[in-house]
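# Tertiary structure, described
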There are 4 protein chains.
Amino acid sequence: MVKRAGVLGATGSVGQRFILLLSKHPEFEIHALGASARSAGKPYKDAVSWKQTDILPASAQGVVVQECKPEGAFTECDIVFSGLDSDVAGDIEKAFVDAGLAVISNAKNYRREKDVPLVVPIINPEHLDIVENKVKAARAKGEEKKKTGFLICISNCSTAGLVAPLKPLVDKFGPIDALTATTLQAISGAGFSPGVSGMDILDNIVPYISGEEDKLEWETKKILGTLNKEGTEVVNIPEDEMKVSAQCNRVPVIDGHTECISLRFAQRPPPSVEEVKKTLREYVCEASKLGCHSAPKQTINVLEQEDRPQPRLDRERDNGYSVSVGRIREDSLLDFKMVVLSHNTIIGAAGSGILIAEILNARGLI
Amino acid sequence: MVKRAGVLGATGSVGQRFILLLSKHPEFEIHALGASARSAGKPYKDAVSWKQTDILPASAQGVVVQECKPEGAFTECDIVFSGLDSDVAGDIEKAFVDAGLAVISNAKNYRREKDVPLVVPIINPEHLDIVENKVKAARAKGEEKKKTGFLICISNCSTAGLVAPLKPLVDKFGPIDALTATTLQAISGAGFSPGVSGMDILDNIVPYISGEEDKLEWETKKILGTLNKEGTEVVNIPEDEMKVSAQCNRVPVIDGHTECISLRFAQRPPPSVEEVKKTLREYVCEASKLGCHSAPKQTINVLEQEDRPQPRLDRERDNGYSVSVGRIREDSLLDFKMVVLSHNTIIGAAGSGILIAEILNARGLI
Amino acid sequence: MVKRAGVLGATGSVGQRFILLLSKHPEFEIHALGASARSAGKPYKDAVSWKQTDILPASAQGVVVQECKPEGAFTECDIVFSGLDSDVAGDIEKAFVDAGLAVISNAKNYRREKDVPLVVPIINPEHLDIVENKVKAARAKGEEKKKTGFLICISNCSTAGLVAPLKPLVDKFGPIDALTATTLQAISGAGFSPGVSGMDILDNIVPYISGEEDKLEWETKKILGTLNKEGTEVVNIPEDEMKVSAQCNRVPVIDGHTECISLRFAQRPPPSVEEVKKTLREYVCEASKLGCHSAPKQTINVLEQEDRPQPRLDRERDNGYSVSVGRIREDSLLDFKMVVLSHNTIIGAAGSGILIAEILNARGLI
Amino acid sequence: MVKRAGVLGATGSVGQRFILLLSKHPEFEIHALGASARSAGKPYKDAVSWKQTDILPASAQGVVVQECKPEGAFTECDIVFSGLDSDVAGDIEKAFVDAGLAVISNAKNYRREKDVPLVVPIINPEHLDIVENKVKAARAKGEEKKKTGFLICISNCSTAGLVAPLKPLVDKFGPIDALTATTLQAISGAGFSPGVSGMDILDNIVPYISGEEDKLEWETKKILGTLNKEGTEVVNIPEDEMKVSAQCNRVPVIDGHTECISLRFAQRPPPSVEEVKKTLREYVCEASKLGCHSAPKQTINVLEQEDRPQPRLDRERDNGYSVSVGRIREDSLLDFKMVVLSHNTIIGAAGSGILIAEILNARGLI
């Protein structure tokens with residue numbers, strides 16, 4: 001049965017992506033769209049300044065936008081995707097969860113909460129056990145008929161790409177104790193109103209993205225962390241067990257974050273380059289095993305050409321759900337260097353939200 | 001007295017830059033221009049496809065291009081600048097030096113020779129002592145009337161920017177034992193025939209530049225090295241005393257290489273961020289003390305704005321002879337992170353050649 | 001039955017596009033690939049430097065490249081697509097046609113031949129009657145068992161976009177006697193080896209494309225022309241009945257040619273803006289009526305937003321087979337001004353070749 | 001004696017340009033800076049987000065910003081440059097003129113007023129006679145000691161480039177009765193807060209600039225117009241004597257507007273291409289004859305290379321005060337086609353303001 005989906009922040013950059021992905025999706029239908037009071041009451045096509053490369057989907061055009069309150073059509077939603085800005089996401093998302101709704105958010109507000117899974121769906125879907133445990137507990141208490149609200153956070157866009165090759169390697173070769181990442185990030189991540197100014201990015205690099213380095217450094221430790229015994233909270237990798245150092249840059253690229261990373265395993269001696277490549281190539285994400293609609297055929301593309309991955313050529317692999325890794329080679333300082341490319345608006349934002357929902361659906365949680 | 005200058009590879013990208021800089025220079029005049037046999041015999045204006053943002057200087061337009069042999073007008077040159085490609089530079093530059101000419105080369109062919117100084121003029125002009133010692137020895141043998149040929153190599157463009165902040169820090173706080181650099185390099189460094197293709201660089205990043213990472217890693221150890229007791233050779237920093245790890249990218253920027261670096265001092269505890277900034281701010285290069293025409297007023301610009309340096313806004317500081325450093329902050333893995341910006345065709349190529357010649361001139365060596 | 005397709009110039013930019021489109025096509029299979037002697041004998045994956053945003057299709061990877069001669073696998077092809085450069089296309093294409101093969105060429109060599117249709121498949125498929133008449137005549141002579149070779153030329157990329165809105169208007173309102181077009185052309189049209197240099201196109205415009213203005217001016221008169229009574233030749237619109245003036249520019253855009261055009265009808269008074277829009281909206285191309293696989297759902301997209309069409313947002317409409325037209329308004333000098341956007345590698349090159357082949361197939365001509 | 005200059009809208013894009021040009025100017029000194037109430041009271045360096053490629057001039061850093069009222073330091077100014085946005089320029093500029101100040105404005109508000117000269121200083125400085133006549137009349141009335149306020153408008157950026165080649169041609173060959181211009185405009189003209197979004201301009205063209213086509217069409221008729229007998233008003237070229245049709249596009253270029261134009265002379269037969277080129281080459285603007293500091297050495301650069309002018313290579317000719325014209329050739333529809341390039345922030349905005357002030361100063365009007 002097709003699930004009813006709501007989108008909060010529907011007129012924004014992330015919201016438009018959610019709508020585009022939902023409009024072609026076999027499991028979901030667009031049921032409720034929320035935006036600011038200024039847009040409320042208008043058909044979506046009149047409320048939005050549509051800026052996607054696909055045309056505004058017919059199924060969204062006539063939906064009347066409502067305010068971002070857990071009322072009306074939103075109360076009938078099986079899942080609600082939030083593309084809200086962080087300055088308003090806090091209160092709104094809380095209200096939705098309190099009202100018993102299932103919310104998947106791209107905002108940063110609740111990412112640090114221990115009982116809120118921070119999920120890159122091709123990497124740590126096991127953190128969704130927190131939600132499963134919560135839902136089961138509620139059902140056990142006879143609350144079946146009442147919906148159990150919960151919140152899942154999508155990771156920061158550049159974190160999603162970074163952790164992709166790390167997880168299979170850690171699973172196989174044990175902890176990584178040192179990691180550096182210098183990012184070359186696309187402008188679509190900044191939205192378009194105003195987003196990155198043309199004067200700032202044509203023939204230029206901006207070697208700074210507010211808050212980004214901090215996110216890369218701590219989110220990695222949560223996503224690679226484990227659940228507590230009760231399965232109710234995430235236990236981050238301790239600070240002193242993994243040093244992460246990030247340097248973030250904005251570059252003149254529309255979509256696709258490139259990250260030059262280096263890493264060191266705790267285990268001595270470290271694996272060989274060939275073992276690293278083989279491990280990445282053979283990694284199959286849980287979503288693929290579950291047969292999720294958007295799951296990548298090849299979770300991690302290991303490229304052998306010396307000048308790849310490149311954002312314009314490689315960002316669309318498996319519709320942006322696959323992460324590309326190239327130039328895997330030994331490092332004179334740590335153990336390995338490599339270049340990671342991920343699609344920032346797919347696996348790094350809205351697309352991950354959709355795939356998380358598919359996993360929830362496959363698990364019977366929505 | 002104005003010195004006569006020759007340019008080898010005069011029609012190429014680097015050669016054009018040499019000519020542009022020489023045409024406005026108070027100490028040098030363009031006396032001989034060398035190019036391939038195809039161009040020889042033509043007035044320069046007919047031989048060149050001029051691609052600079054300044055118009056072709058009047059003083060170069062009518063100069064008849066000759067072949068790259070130490071004959072004719074070249075034998076009358078006080079200094080010869082080589083912008084030759086590495087596939088032909090080896091033999092030609094050797095022939096010029098053997099003929100008693102003073103050659104400053106942008107090619108990579110002889111950079112590793114111990115008795116050939118590899119010079120970033122704002123950083124290690126003391127390596128020119130090798131030339132001075134050679135000239136003095138020749139003069140002492142009564143060879144004054146005969147010219148003493150010698151060769152000086154300009155460093156790789158991205159190395160020039162990297163070593164700029166390192167040298168003052170090493171002078172003050174002792175050895176750096178670990179260094180990482182991820183570069184975002186402009187396309188002008190690749191020339192324009194064909195150089196970087198538009199299809200490769202619009203809305204794209206190329207995470208690979210052939211041979212570049214190796215150059216960054218070893219050239220740094222020569223430029224920061226010392227001379228032997230006799231002052232005839234450079235002694236590189238030993239491999240095991242300084243680990244350097246580079247990752248090089250080509251980005252859609254016309255001029256200006258951005259480098260995200262991190263470094264660790266051997267000395268424990270390391271200096272403070274403020275001490276690092278102060279040391280960089282107070283560094284005055286030898287060329288400035290000598291009053292060289294092109295020497296920067298401020299050798300290193302330490303920027304405090306959190307989103308600087310940026311190539312489009314900061315590359316022209318002191319006509320491209322100043323290096324900008326920003327975002328100096330502590331690093332969780334090594335000691336410090338910072339962003340370095342340098343003008344790749346000025347301090348990273350032709351401009352450094354000119355400033356080296358000014359230093360030689362000030363020292364009476366040409 | 002699936003038709004066997006050959007591609008000449010298979011390693012080049014246009015050839016790669018043919019292969020990509022064929023690899024997903026229900027009616028065609030890749031049967032023969034031709035390239036230079038240097039590539040001959042190699043599996044395609046080793047011969048090509050693949051530069052498309054989709055990965056190299058599995059069905060092409062192992063095909064052994066042969067020389068561009070009407071031999072071997074080429075003789076078994078039902079249709080041959082030529083992406084050859086004009087410096088070699090002349091002799092090779094002639095040889096293929098003489099050998100009885102059906103050739104659709106992107107090269108300019110034979111475009112001016114009266115008995116060679118110059119076809120934009122969404123605009124003037126009726127010019128293919130020349131081929132039909134030739135084939136029927138041959139069959140009538142009892143040559144059925146022998147193949148009848150013929151050649152069809154694809155128009156220049158910028159011409160394809162230009163004629164798209166003209167044809168429906170001329171059909172409805174009679175001759176256009178004056179036409180101006182200033183183009184802003186994407187760089188993919190120039191190929192990638194070397195194509196447009198990054199130094200020429202970053203932060204820049206090149207207001208010149210060799211031969212392009214001439215092509216725009218005369219090809220328009222052939223494509224909008226009629227067939228002679230016998231149906232064997234195209235009769236161009238006479239010079240004095242239609243003045244066309246073009247100005248062509250290369251701009252920093254990957255795909256999608258934008259053209260600012262103005263036009264005047266011979267008929268006085270001219271139609272209204274609304275009549276023009278209606279006519280364009282209601283135009284349904286023959287290929288759509290025939291149900292061709294690649295035919296656009298909406299041949300011409302008439303956009304009402306004042307800042308559209310834009311290449312990045314609108315070039316992919318109907319997979320690049322639809323042409324977008326916006327800003328239709330009155331002109332103070334001629335009758336109307338408008339902005340036309342077309343995908344230069346789809347409707348302007350390889351894609352048109354494929355759609356022409358589909359029409360031929362639907363008509364039973366291959 | 002150095003004149004005291006004020007700048008209104010000092011923190012904006014145009015204001016910053018005024019300040020940069022004034023800081024290096026021998027005839028003017030920065031005396032008063034005006035901005036919004038939010039900035040008032042702060043030293044300029046703290047009020048501005050400086051975004052120029054030159055560093056913030058020392059002479060401006062400490063100037064305390066005041067509100068845009070004709071009070072305080074502004075009352076002591078010999079000349080006031082306005083870079084105000086049009087939504088506030090109307091009232092403020094009126095107040096300044098009423099207070100007896102000489103104002104040169106980049107805003108559009110008063111451009112259509114008949115007694116306000118609309119001046120491209122290299123083209124129609126004779127329109128400044130209106131100001132001279134007003135000042136003389138006031139002085140004749142014994143008002144010498146009191147300042148006579150007046151306003152001069154700088155033309156729209158794209159108009160400045162367009163009229164540059166027209167004026168010498170009209171002076172020599174008589175009226176132009178038809179003119180088309182398709183522009184490819186740089187993004188710096190839109191300012192940087194927010195200006196053109198990176199998402200709108202990377203790998204893209206925006207075929208629309210609000211109000212721009214109308215400005216190009218009517219301003220041309222005022223700038224090429226004449227003064228009435230009394231020398232108090234501009235008489236525009238009548239609508240029916242000159243048809244102008246403009247199509248305006250925003251392109252991914254930082255600085256420099258490219259315009260593809262075509263034109264027809266009323267005179268039959270028209271001049272030859274060579275006569276047109278000669279006329280443009282020989283044109284010497286009044287400001288050059290007066291020896292004005294910023295006046296171009298060559299008012300119009302006629303380029304013979306078939307692929308020029310190009311914005312990145314040619315925009316800085318004579319510091320941006322020279323206009324480049326290339327590809328002059330016959331047109332099949334009108335008489336001639338050509339490509340015009342002008343620096344939009346110099347001759348198209350702040351730079352023209354400065355040169356107008358130099359002319360006023362040379363004429364003893366400030």
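The shown structure was predicted, so the numbers you read here are calculated from the model rather than taken from an experiment.

Our focus in this paragraph is the state of the cysteines. One pass over the full model with this rule turns up zero disulfides over all chains. Unpaired in terms of disulfides, Cys-153 of chain A finds its nearest cysteine sulfur in Cys-157 of chain A, a separation of 14 Å. Its sulfur unpaired, Cys-260 of chain A is 8.9 Å from the next cysteine sulfur, which belongs to Cys-248 of chain B. By relative accessible area, Cys-260 of chain A is classed as buried at 1%.

Quick look at helix 9 (residues 273–282) of chain D now. All names here are of chain D. Within helix 9, burial applies to Val-273, Val-276, Lys-277, Thr-279 and Leu-280. Projected onto a plane normal to the axis of helix 9, the buried residues spread over an arc of 165 degrees and lie on a single side. In the core, the buried residues of helix 9 are packed alongside helix 6 (157–173), strand 13 (300–303), strand 14 (323–330) and strand 15 (336–342).

Below, the discussion takes up the relation of the copies chain A and chain B. When chain A is fitted to chain B, the best match, at an RMSD of 0.0 Å, comes from turning it 180 degrees and sliding it 0.0 Å along the axis. On the angle and the small slide along the axis, the relation comes out as a two-fold axis. The overlap is high: 100% of the interface residues of chain A also sit at the interface in chain B, so the same surface is used on both sides.

Another aspect to go through is the pairing of strand 5 (residues 102–105) of chain A. All names here are of chain A. Neither face of strand 5 is left uncovered, since the one carrying Ala-102 and Ile-104 and the one carrying Val-103 and Ser-105 both have all their residues buried. Two elements, strand 4 (residues 79–82) and strand 5, share three bridges in a ladder whose sense is parallel. Of the residues in strand 5, the one forming a bridge with Phe-81 is Ile-104.

We now examine helix 4 (residues 86–98) of chain A. Residue and element names in this part refer to chain A. With 13 residues, helix 4 should cover 18 Å at 1.5 Å per step; its first-to-last C-alpha distance of 18 Å lies within 8% of that length. Among the residues making up helix 4, those that are buried are Ala-89, Gly-90, Ile-92, Glu-93, Phe-96 and Val-97. On its buried face, helix 4 sits against strand 1 (3–8), strand 4, strand 5 and strand 7 (150–154). Backbone geometry just downstream of helix 4 places Gly-100 in the positive-phi region, at approximately 90 degrees.

In this complex, chain A contributes 47 residues to the contact, which on the side of chain B involves 47 residues. Interface area lost by chain A to chain B is led by Asp-203, Gln-247 and Leu-333 of chain A, which between them contribute 17%. Put simply, chain A and chain B have eight salt bridges between them. As a salt-bridge pair, Lys-337 of chain B and Glu-217 of chain A come within 3.4 Å of each other at their nearest N and O atoms. Those elements that place two or more of their residues in the side of chain A that touches chain B are strand 8 (176–185), helix 8 (212–223), strand 11 (243–250), strand 12 (257–265), helix 11 (311–314), strand 14 (323–330) and strand 15 (336–342) of chain A.

For the rest of this paragraph, the subject is the side chain of Glu-213 of chain C. With respect to the helices and strands, the residue Glu-213 of chain C is situated in helix 8 (residues 212–223). The exposure class assigned to Glu-213 of chain C is buried, which follows from its relative accessible area of 11%. Sequence-distant contacts of Glu-213 of chain C, defined by excluding residues within four places in its chain, comprise Ala-246, Gln-247 and Cys-248 of chain C together with Arg-327 and Arg-329 of chain D.

Each partner contributes to the interface: chain D provides 16 residues, whereas chain A provides 16 residues. In this assembly, chain D packs against chain A so that about 1300 Å² is buried in total across both faces, 74% of it on carbon and sulfur atoms. On the chain D side of the contact with chain A, Met-199, Leu-202 and Ile-254 of chain D bury the most area, a combined 45% of that side's loss. Where chain D packs against chain A, one counts two salt bridges.

Turning to the UniProt feature "active site" (unreviewed entry) in chain A, a few remarks are in order. All names here are of chain A. Using the residue numbers shown here, the UniProt feature "active site" (unreviewed entry) corresponds to Cys-157 and His-257. Taken along the chain, the residues just named run across 101 residues; in space they keep tight, none of their C-alpha pairs more than 8.1 Å apart. Assignment of secondary structure puts Cys-157 in helix 6 (residues 157–173). Here Cys-157 falls in the buried class, since its relative accessible area comes to 13%. Setting aside anything within four residues of it in sequence, one finds Cys-157 in contact with Gln-185, Glu-212, His-257, Ser-342, Asn-344 and Gly-348. Take His-257: it is sitting in strand 12. Beyond its immediate chain neighbours, meaning those up to four positions away, His-257 contacts Cys-157, Ser-158, Leu-184, Gln-185, Ala-186, Val-340, Leu-341, Ser-342 and Asn-344. Side-chain polar atoms of His-257 contact the side chain of Gln-185, separated by 3.4 Å.

What follows is about the sheet that holds strand 4 (residues 79–82) of chain B. Pairing in this open sheet of seven strands is parallel, and the strands run 3-2-1-4-5-7-6 (chain B) from one edge to the other. A strand with exactly one partner marks an edge of an open sheet, and here the two such strands are strand 3 (66–67) and strand 6 (118–119) of chain B.

Residue and element names in this part refer to chain A. Strand order in the open sheet made by the seven strands is 3-2-1-4-5-7-6, with parallel pairing throughout. Each end of this open sheet is capped by a strand with a single partner; those strands are strand 3 (66–67) and strand 6 (118–119). Here two bridges tie strand 2 (residues 28–35) to strand 3, and the two strands are oriented parallel to one another. Its bridge partner lying in strand 3, Ala-35 is registered against Glu-67. Packed on one face of the sheet, helix 12 (residues 350–362) meets strand 1, strand 2, strand 4, strand 5, strand 6 and strand 7 and runs near 140 degrees to strand 7.

To continue, consider the environment of Glu-286 of chain D. All names here are of chain D. If you trace the backbone, Glu-286 turns up in helix 10 (residues 286–289). For Glu-286, a relative accessible area of 38% corresponds to the partly exposed category. For the pair formed by Glu-286 and Lys-108, sequence separation is 178 residues and the distance between their alpha carbons is 25 Å.

All names here are of chain A. Counting across every chain of the model gives 112 salt bridges over all chains. Lys-167 is the partner of Glu-126 in a salt bridge, and the nearest nitrogen-oxygen pair spans 3.0 Å. Taken as a pair, Glu-126 in the loop between strand 6 and helix 5 (129–140) and Lys-167 in helix 6 lie far apart in primary sequence, 41 residues in all. Each of the salt bridges in this network shares a partner with another, and the network as a whole consists of Asp-129, Glu-132, Lys-136 and Arg-363.

Parameters at a glance
- Residues numbered from 1 in each chain as written.
- Chains lettered and ligands numbered in written order.
- Predicted model: local features only at pLDDT ≥ 70, side-chain atom pairs only at ≥ 80, totals over all residues.
- Heavy atoms only, no water.
- Disulfide = S-S within 2.5 Å.
- Buried < 20%, exposed > 50% of the residue type's maximum accessible area, 1.4 Å probe, protein only.
- Helix = DSSP H or I, 4+ residues; strand = E, 2+ residues; numbered from the N terminus.
- Arc of directions from axis to C-beta.
- Contact = heavy atoms within 4.5 Å.
- Least-squares fit on C-alpha atoms with pLDDT ≥ 70 in both.
- Pairing = 2+ DSSP bridges.
- Expected span 1.5 Å × (residues − 1).
- Buried area = accessible area lost by both parts, 1.4 Å probe.
- Salt bridge = Lys/Arg side-chain N within 4 Å of Asp/Glu carboxyl O.
- UniProt positions renumbered as here; feature names shortened; annotations may be inferred.
- Polar contact = N/O pair within 3.5 Å; in protein donor to acceptor, adjacent residues only side chain to side chain.
- Axes fitted to C-alpha atoms, helices over the stretch in contact; angles between N-to-C directions.

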